[in-house]
Amino acid sequence: MPDQRAFDNLWADAVVLYEDQTDRKIDADVAFREFKTLGELEGAIEKENRRFGSFRNEHRKVYSALKSCIAPMEPILGLVQKGIGNTPYAPASVVFGAAAYLLQSCTAVSKSYDGIEELFQQMSNITVRLKEYEFKNLESSLSKKITDILAFFLDIIGKAEAAIKRKRIRQWARSVFLKDDSIGIGSSVTKLQKYIEAELGLVIALTYGRVTEVQNTVVDTQADVKVVKASLNDILTNQRSDRHRAFSEADEKKLSDALKTDTADEVAREHVGNWEKLTKGTAIWIRDDVMFGAWEQEEAPCLWVFGKPGVGKTMLAARTIETLQSRYPQHSDIPSLTSVSYLYFKDDNPKLQDCAQMWKTAALQITKANDRFKKHVLATIQKKQDTFASARQIWKQLFLDFFQEDLPSSPLTSLAFIVIDGLDEAPQAERVKLLTCLSELVNRAATQSKCRIQVAVFARPDVRADPGFEKVSFRMQERLIEVTPDRNTVDIELYVKQRLSDVLVLQVLKKRKATKEFQTLAKQIYNSVLSKSQGMFLWARLVFDQLRASPSPEAIKGSLQGAPVGLDEMLYHVFKRLEVDEELHRPYLKDLIAWVYFAYRPLYVSELFILILVGASQHCYMIEDDLKARYSSLFDIIGPSVENEEDQAQAVIDQDETATDVSTFDFLDGGENSRDDDTGSASDQSDHEDDERQSQTRAMGNTGEEEAEEQTFDIPLHWHETTVTFSHARIRDYPKNRRIPKTAAVTLARQLSALFYSGEGLLRTSFRARNEFIETWFSVSKYSSLVRKIIGDYAEDVDEDQKEWAVGAAKSARTLFQPLRAACARTWLTKTGWDDPAYLDKSEKEVWIMFAFSTLTDDGDNEGSVDIFNVDNGFWNIALDTLEKLANSEPVPKSAHFYAGVAWILMEAMEDDYTYRAIEYFKKALDLLPGGWMPMEGLARCYGENLSDYETAIQWMEDAIRNVPQTDDLSGIEFYLETRISDWKLQLGDDQESVKIAQTSYEASKEFTYGNGTASDSSILRSIKHYIETLYRTHQYSRVVELIRDLDARETYEQKTSLWMVFIQFQTDPYHAVDLFNKIGKITQVLEDDSLHEFLRVSFKKVMNINPNTIADYEPIWLAYNIAEWQYHYAPNPEESIESWEKIVTLVDQSNEIVQQSQNWFRSKAAAFLSMMLFDAAKENHHTGKDPSAYITKIESLAQHKQGSRCYYRASYPALILGLWLHEYMKAKEEIWSACIRPSVKQALYLLGDQDPWNDQEAYSQLGQALFAAGDILNGSIAYGVTLRPLEDHRKELEQQEIESGAQENDSAKNGPMLNATNIGEQLEEPIEEQISRQQTTGRDTFRPSISDTSELEVVKDLHHNEGSSMGEKQEIAPGDSGDNSYDDDGKLNDADNEEEEKKRDENPGSSNNDDDGELDEVVNPKYAGFGYLWVCDGPCDTSQSDYTELWSCRVCQDCCFCEKCVELHRRDEIPSRVCAVDHPLVRIFPTVAEAKELTDALVEMRFEIQQKWLNGLRKTWED
């Protein structure tokens, strides 16, 4: 390989030759140091006009040839410089200097131009390929070739200059100049050509070698990418898990209760819809705008983006959000101090019009990524009661107070970007509120208390006229962007190109390969839309909606020519065209527009269907299709995917097509018999057990005198979740600028009057949305006042029987809704008889509407809070006398059905006074109309469920069963009622009679087939539940198995699904659940039937339906988890559960962040079971001398994730078990095994250091488990001991009771001695002598925590099992500086809080205890609150949580403990289920160690310095 010296010599020889040819010394000539680039040479030529002026002006070709020759060489000049070392002859300077002198020589001999030009042209053909060397390094062999090429180039330049100086005129002619051998230029050029060709061959060879290397690198890179991807998934999973544990379920619930509103859901929904509408590549310009950049860099707190209607402001907002989120990722698994939130105001959606709700939504979004803000919100909620009193309070306390720049000592501060779209669509009052909030932000920005909040507002320019806008008007720091047609030009072009593909005519032309016609028509559409749109997307959309289905190119051209310029004109054109084209549909279209326009909240498709049915007597079955296609220009519909529903419908169609076709046309035969048969079958389709299905049947009720049974059309379920709005706000605005024709106004008034006057029609619209219905009509006057105005303005035009009511409704909201209240009362309190199918739905939700009406004012406002009208509340939230007043508010007959209806609601309140009144009313109903099964059932439930008088309840229920009418509608009710008798017999201890009744009920259920949509479906499942319960309680396990096999043989109307499979699936429903998996598990252990195991294995495998499409749902993952747990605890081969656990973990990890959060509990538990099983397998291999590494590797994959070259461990059970393995089995160094345990310890310490006492009990438990895994038994026992304080207090109460009763027993004999450091060894499964013996070999000592200065507190041997460990050393609990009661997140004392607390103590001594009246102090102990009975024995005993005398915790298993009875069974390996391995070490944690007792005493007495001393010692030990 050529060395450095060879390169130096080669270039030096070339320089010497040039100097000989030109008689010039390069090192002494400044010209050879002046030019380093071609640009510098060209600049010098420009300056030297006197020297080169004639040349540049008259012979530009020569310079052009020179430039084309030298330019390709520039990349290699620097590369060669690296190759030739430190020689003074820099290649670039020498080449450019030589070229400059050559040009200077030409000016002296003008005839030389042609020859020099030809020379440069010839050389440029050779040097052109050198421009490819645009990289940093060259192979040494290639460097030598390139150096030779430069040497030849310099030789040619030198010879050319020498020839010119000798003024050999003949040689300057073209061609002759190169061919004259006496000059030598031609031969040099030839040599240069050969070297170039040689260089080419070398490059090919080198390229082949490099390509091979690249291929190998690509393979390696692909493998690395897989590793990185897996690591990234681990990172996200770990961070998600860590963040989930950092905030307890109580915290999350507080946040959800405070911030989660319907507005948040609507905002998210709106954002998804806008993102889907955003055309690819559009709205990019805003992120490059100077104003946007200044705002993003925090040069101004507010960015205003103004634009006229239809110019795409919402899409710009969506692009802004996307840009910010790409720059500042908002992943819920990755905490971030920079947050991006977004809000959408919509004038047709009341949930998107309230400023306070919007600020809550923004706060909720920020908590997803910013943990600091999350803690701030939690603390604010707990400390301040007025946070949500107003929008301004929310803005100030949650946002301004937090995002104010931290003190200089804090290097990192939080930043929030808030994007607000459609501010102009909010009510003016709400706009003013928001502007007031922004003014406070702007004011702070002008002071030193600046807040790091950046707000971007997208709106119409109209908002400038709002009161308060001047407070945030454009001071020097505000930024403004105007959306003009010019800015939208590129975006409109992209949008038009995208929409061209929707035009059907173009699709046909393209398919037929009519290229010319296709291109011509596409160009015409493109140019026409661009020229007329004026930058308005809405205009372009309206045009394309008309062009899409045009039948011919001529029709398209006609539409384009007729399309007016201007948005308002285009809207008028659209309406006019619809009027002409839709003559037959005009009334229908008017109804659609009117209802959507005046609704002022998005209507559901089901509501529109019913409104048009009631108002116009039209069954608009095609309404969804019309909204999506025919009227898509006007309306947007948003709702859930209906793929499953459509698939099911198609399956039915396919099934029907295979049947005999003749039967399809039976309805054409006519006749009374067929009419009767149809009516009967229709009634069978009603699911009377389900309130929603019952209401659905009513929704299709009679119009005029038609019978309800005649209506057979079922409203699709997704219609109840699909909303309808105008496609753009401008469409809603359009009628505001036009006078509504009187005929249309009268029509609307008549329809509204008919709807509200009927009562029943309006009540039907509340189906599936009763809370929203009440909120819309009874919480505010906004909507009812509009209806009253419309009806009042045209009261003379309504039907004659409605006129008087219409006049009153215009004056009073109570009059407007009086027919609705009457309809509710009739539904609740009137029936046709005891055989009325309506009695299958006795819990009348209409009561809540009447309750809301009772507090309504004439103006339409409400004196009550909308929250108290929530239909999900229990009826006990309505006072007894109020319920009775509601029942008497309407003049319905005081019949037996009246008293029965009132009594049922009182019975459901489940309070004693309500119950006794219900009994009185039920008996009154029976006096008026004897034989009523419904009041008899009500009496039975009053006595049985509310008063626990089971004997009386059974008598009444037996009477009810005997009196059930024998009708098709009430089929199956008898055995449903019998199941309650069976339950009450169990309560009475009459097990055998209970079994008999349950069996009778079950046998009766066989007369029905599940899945027929009647009340019998629920009755069947309830009969199964009670039969299993009674058989299990009476230990008749063989009969349970017989029942299961019988269920497996029973068919259902669900294809290929037995009743047994259905019952398993319903275990997620508490109403039908029976703790099936544990009961079946115990039965299999007792019977030891292999065939039963196999049957259950196959059954569970069939029913387990967990896959990527179902992982987001609760039911499938719940079933999968419980089946896997059954496989582990009870199946002969617990290894079968591994596949289930792994499937849960994998599917959750591969899902989106929403699924990962919602299913995190299942994922964590699955990972824990996997790790425990892998640990036991590794331990077995270790003891038998086999390699356990395969199992440990899998544990590592669950416990850790990698980021680059570093490894991180999750705060999780897999990490703890891995640390224990490394510690005690592999004897790893402390820094290795402690890294696995540290995250769990630190997280627990973090939770104990925050200001939320409600997560402390779980945190102590986590800390205890982590310290046990580390071998720090004493401190782990202290942590566990704190969690056991409630049990210890209960034991003290029992002891006190025994003392008072004279039956005191010896405390030491009953509970054992109080544990402390001197006798802690007594609580270990392994003798303390053996542990100390092992520790002596390591030379490790540790100091136990000391509570007080007593000689009893001696140093004992540490219980850790590896050498060199300092974990747990000298953790002291000692008295600190008294009086400190609150601490910051780092455990530091807050003096201010301390002084305040001292003051409170002085003023209220003993405030932490009960006062003289025995009432509990309402002050929450900030370090000890929410503690309860946390521990439950995992053995087979049924001991109450409060009755344990001992508890032993496993150091290996997660959350596993045994009571004093079951620990003996465990030691003898006699626990029937698979819970904990017999060789796992156990530690007695109750009775608690003395140190834990004194620590909890201090916590209860609010002496927190002892706890902090202990925690700080742990922090010091476990710090990184």
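Scroll up to find the structure.
Residues numbered from 1 in each chain as written. Predicted model: local features only at pLDDT ≥ 70, side-chain atom pairs only at ≥ 80, totals over all residues. Heavy atoms only, no water.

## Concerning the overall build of the protein
No. 1: Helices and strands together make up the secondary structure of the protein, namely 68 helices and 15 strands.
No. 2: Counting only residues that meet the buried cut, the protein has 53% of its 1520 residues in that class.
No. 3: For the protein, restricting intrachain contacts to residue pairs at least 6 apart in sequence, the fraction spanning at least 24 positions comes to 74%.
No. 4: Accessible area for the protein stands at about 69,700 Å²; split by element, carbon and sulfur atoms hold 49% of it. (Helix = DSSP H or I, 4+ residues; strand = E, 2+ residues; numbered from the N terminus. Buried < 20%, exposed > 50% of the residue type's maximum accessible area, 1.4 Å probe, protein only. Contact = heavy atoms within 4.5 Å. Areas by Shrake-Rupley, 256 points an atom, 1.4 Å probe, with all protein chains shown as cover.)

## Focus: the packing of helix α47 (residues 991-1005) against helix α49 (residues 1037-1049)
No. 1: It is the contact of α47 with α49, at a shortest axis distance of 13 Å, that shows an interaxial angle of 10°. The pairing of α47 with α49 is recorded here as roughly parallel in orientation. Every residue of α49 that contacts α47 at V995, Q999 and Y1002 is listed here: R1039, L1043, D1046 and L1047.
No. 2: Here the residues of the contact of α47 with α49 are counted per class, giving four nonpolar, one polar and two charged. (Axes fitted to C-alpha atoms, helices over the stretch in contact; angles between N-to-C directions. Parallel < 35°, antiparallel > 145°, perpendicular 65-115°, else oblique. Nonpolar A, V, L, I, M, F, W, Y, C, P; charged D, E, K, R; others polar.)

## Concerning the sheet that holds strand β8 (residues 723-726)
No. 1: Read across the sheet, three strands follow the order β6-β8-β7 without closing on themselves; strand pairing throughout is antiparallel. Each end of this open sheet is capped by a strand with a single partner; those strands are β6 (603-604) and β7 (635-638).
No. 2: Sheet topology places β6 next to β8; two bridges connect them, and they run antiparallel. The partner of L603 across the bridge, within β8, is V724. (Pairing = 2+ DSSP bridges.)

## Looking at the pairing of β8
No. 1: Residue alternation in β8 divides its side chains into two sets, T723 and T725 and V724 and F726, and both sets are buried.
No. 2: Pairing geometry for β7 and β8, over four bridges, is antiparallel. When the bridges of β8 are listed, I637 appears paired with V724.

## Description of the packing of helix α21 (residues 485-500) against helix α24 (residues 537-547)
No. 1: Running from N to C, α21 and α24 cross one another at 15°; their axes reach a closest spacing of 11 Å. Judged by the angle between their axes, α21 and α24 are roughly parallel. For the pair α21 and α24, the sense of crossing is right-handed. Contacts between α21 and α24 involve N488, D491, I492, Y495, V496, R499 and L500 from the former and F537, A540, R541, F544 and D545 from the latter. (Left-handed = near helix turned anticlockwise from the far one by under 90°.)

## Looking at unusual backbone geometry
No. 1: A cis amide bond links F1486 with the next residue in sequence, P1487, at an omega value of 5°.
No. 2: Looking at the secondary structure, you find P1487 in the loop between β15 (1482-1486) and α67 (1490-1500).
No. 3: Even without glycine at this site, E298 takes up a positive phi of about 65°.
No. 4: Looking at where E298 falls in the secondary structure, it is placed in the loop between α15 (290-296) and β1 (302-306).
No. 5: Its relative accessible area of 18% is what places E298 among the buried residues.
No. 6: The backbone of E1088 sits at a positive phi, close to 50°, despite the residue not being glycine.

## Some thoughts on the sheet that holds strand β4 (residues 453-459)
No. 1: Here we have five strands laid out as an open sheet, ordered β2-β3-β4-β1-β5, and parallel in their pairing. Edge positions in the sheet fall to β2 (338-344) and β5 (479-482), since each has one partner strand and no second. Each adjacent strand pair in this sheet contributes to an overall mean axis angle of 15°, direction not counted.
No. 2: Pairing geometry for β2 and strand β3 (residues 415-421), over seven bridges, is parallel. Considered in β3, the bridge of L343 is made with I420.

## Focus: the environment of D1272
No. 1: Among the structural elements, D1272 can be located in the loop between α60 (1256-1270) and α61 (1273-1283).
No. 2: Here the side chain of D1272 touches N1275 through a polar contact of 2.9 Å, side chain to side chain. (Polar contact = N/O pair within 3.5 Å; in protein donor to acceptor, adjacent residues only side chain to side chain.)

## Points about the environment of F153
No. 1: Looking at where F153 falls in the secondary structure, it is placed in helix α9 (residues 140-165).
No. 2: Residue F153 is classed as buried on the basis of its relative accessible area, which comes to 2%.
No. 3: In sequence terms F153 and I70 are 83 residues apart; their C-alpha atoms lie 9.8 Å from each other.
No. 4: Filtering out sequence-adjacent residues up to four positions away, F153 remains in contact with C69, I70, M73, V95 and M123.

## With respect to α21
No. 1: At D491, α21 shows its largest bend, some 35°.
No. 2: Those residues of α21 lying buried are N488, D491, I492, Y495, V496, R499 and L500. (Bend = angle between axes of the 7 residues up to and from the residue.)

## Brief notes about the packing of aromatic side chains
No. 1: Counting across every chain of the model gives 43 aromatic pairs.
No. 2: Both rings, one in W359 and one in F399, keep their centres 5.8 Å apart while their planes meet at 55°; by these two values the pair is tilted. Separated by 40 residues along the polypeptide, W359 in helix α17 (residues 355-367) and F399 in helix α19 (residues 391-403) bring together distant segments of the chain.
No. 3: Using a relative accessible area of 0% as the deciding quantity, one classes W359 as buried.
No. 4: Considering the side-chain rings of Y899 and Y921, the 5.8 Å spacing of their centres and the 55° angle between planes classify their relative orientation as tilted. Of this pair, Y899 sits in helix α42 (residues 896-909) while Y921 sits in helix α43 (residues 912-928), and the two are 22 residues apart along the sequence. (Phe/Tyr/Trp six-rings, centres within 6.5 Å; stacked < 30°, edge-to-face > 60°.)

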